[in-house]
Amino acid sequence: MPPAAPTEAAPAAAPTVELAVIVPTFNEIGNLDPLIDRLAAALAPWRWEVIFVDDDSPDGTAAAVRARALIDPRVRCVHRIGRRGLASACIEGIQATAAPLVAVMDADLQHDEALLPTMIAALADPDAGLDIVIGSRNVDGANADSLTPARRLVTGIATRAARLVVGTDLADPMSGYFMLRRSVFAEVVRGLSGRGFKILLDILASAPRPLRYRELPFQFRPRHAGESKLDPSQIWEYGVLLLTKLFGGVVPIRFVLFSLVGGLGTVVHMVALGLGFGLLGLSFVVSQVVATVLAMTSNFVLNNLVTYRDRRLKGRGLVIGLLSFYVICAIGAVANVGIARWMFAGLEVWWAAGLAGALVGAVWNYAMASLFTWRITH
Ligand code: GDD
Ligand code: MN
């Protein structure tokens, strides 16, 4: 009799890997060896692997990971080129493992690896029925004394905002240290925003059902080697993430920002018009043209700084962008007046006609500026 054909689902007696630890890295070369050694000590009874997801760090972190992987098969490297981002790095690391349990932790030894066995035990407890366990700096028995006062303040505000938006009563929704089942991650992965720093919050807010979690205290240590990558643009990204979740994806947050900038532009316009016509005694048409150009320019600058901050134009791109923005706004203005005129002819309600015109103009400007000026393709 011929031997049975191998099937894909021929499970070994035990899985080859029970836990994967995902570690996003950017310039962490000095932390790799101590982290791997500590993981090996803490996870001795388990079959585990550690996956470093490196965004092409200039310090050569990825090459150092591969060098270690050559002598230790539990060490793996995902080396991304031309991309940055903590959250998206975590997502790709999780997607790259077959392990049924997945943990995310920082490379800089701030997260106490001795908590990992406790996390595994909590998830394994059938009575608890947990989806995710979180290493928390804010529950009894924990501490985060190694945070600077400024950092503590930012974290405090961000935590409160998160509680409001996600509606969770988590003590430390900002934590970057947690463990969950792969199957739970599979439920949420398609809804993740993947932006910025806050992967845990992203997971909690994107889940189609409330996730059952438990926070476990640990001592947040000072960073070992290297420096923190949290900067103001990460804080900005965080705000965008919260607002996106707040509006439930119904109204794109960019459009809200774009409209706010546009509203401010109206103020700029009226002030300039008043100054030119009223104060300087320019003709009305000249004043109106100058005011319009000024308002468009200030809208462009603000949108570049705020609305499209993540795709900010610079140098030559800034000039081309500004010109394209003028053209788009000019067409938007024609559409605005056309629609308003047509509505007014039929309805004779001046404010409804004016509002409809302004709305059509705003939507047009937003769609076209997104597409052409800041080139958003998705
Ligand atoms: N691949 C990749 N790409 N990794 C990154 C990137 C990136 O763009 N930015 C940061 N990392 C890695 C770092 O190398 C480190 O291993 C980990 O992500 C955390 O970055 P840190 O720069 O050490 O962040 P932190 O200590 O200031 O912030 C920590 O505390 C926050 C709460 O206060 C992190 O744990 C955050 O997740 C946490 O929210
Ligand atoms: Mn850190």
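Anything mentioned here points back to the structure above.
Residues numbered from 1 in each chain as written. Chains lettered and ligands numbered in written order. Predicted model: local features only at pLDDT ≥ 70, side-chain atom pairs only at ≥ 80, totals over all residues. Heavy atoms only, no water.

## Examining the packing of aromatic side chains
Scanning the entire structure with this criterion turns up 10 aromatic pairs. Judged by centre distance (6.2 Å) and plane angle (75°), the rings of F218 and F220 are edge-to-face. The same class applies to F218 as to F220, namely buried. A centroid spacing of 5.9 Å and a plane angle of 70° characterise the contact between F325 and W374, whose relative ring orientation is edge-to-face. Of the two residues, F325 is situated in helix α11 (residues 315-347) and W374 in the segment after α12 (350-373); the sequence distance between them amounts to 49 residues. In this structure, F325 and W374 share a single accessibility class: buried. Here a set of aromatic residues connected by ring pairs shows up, and it is made of F255, F258, F300, Y308, F325, Y366 and W374. In this structure, R84 packs its charged tip against the face of F26, placed 3.6 Å from the ring centre. Positioned over the ring face of F220 is R137, at 4.8 Å from the centre of the ring. (Phe/Tyr/Trp six-rings, centres within 6.5 Å; stacked < 30°, edge-to-face > 60°. Buried < 20%, exposed > 50% of the residue type's maximum accessible area, 1.4 Å probe, protein only. Helix = DSSP H or I, 4+ residues; strand = E, 2+ residues; numbered from the N terminus. Lys NZ or Arg CZ within 6 Å of the ring centre and 35° of its normal.)

## Quick notes on the environment of G278
Within the secondary structure, G278 is located in helix α9 (residues 253-279). Judged by relative accessible area, G278 falls into the exposed class, the value being 59%. Counting along the chain gives 205 residues from G278 to P73, while the straight-line C-alpha distance between them is 77 Å.

## What about empty space enclosed by the protein?
A water-sized probe rolled over the atoms picks out the places where empty space is left. Tallied over the full model, the rule gives one cavity of 30 Å³ or more. Quantified by volume, the largest cavity comes out at close to 30 Å³. Forming the walls of the largest cavity are R195, W236, V240, I253, R254, L257, V306, T307, R309 and D310. Elements represented by at least two residues in the lining of the largest cavity include exactly α8 (232-246), α9 and α10 (284-307). Take the lining of the largest cavity: its biggest share by element is three residues, from α9. (1 Å grid on protein atoms, 1.4 Å probe; cavity = no way out; pocket = protein on both sides within 12 Å on 5 of 7 lines; lining within 4 Å. Points joined across faces, edges and corners; volume = space filled by probe spheres on them.)

## What to know about unusual backbone geometry
The backbone of N27 sits at a positive phi, close to 55°, despite the residue not being glycine. Tracing the backbone through its elements, the reader meets N27 in the loop between β1 (19-25) and α1 (32-42). The class for N27 is partly exposed, based on a relative accessible area of 27%. In this structure, L109 takes a positive phi of about 70° despite not being glycine.

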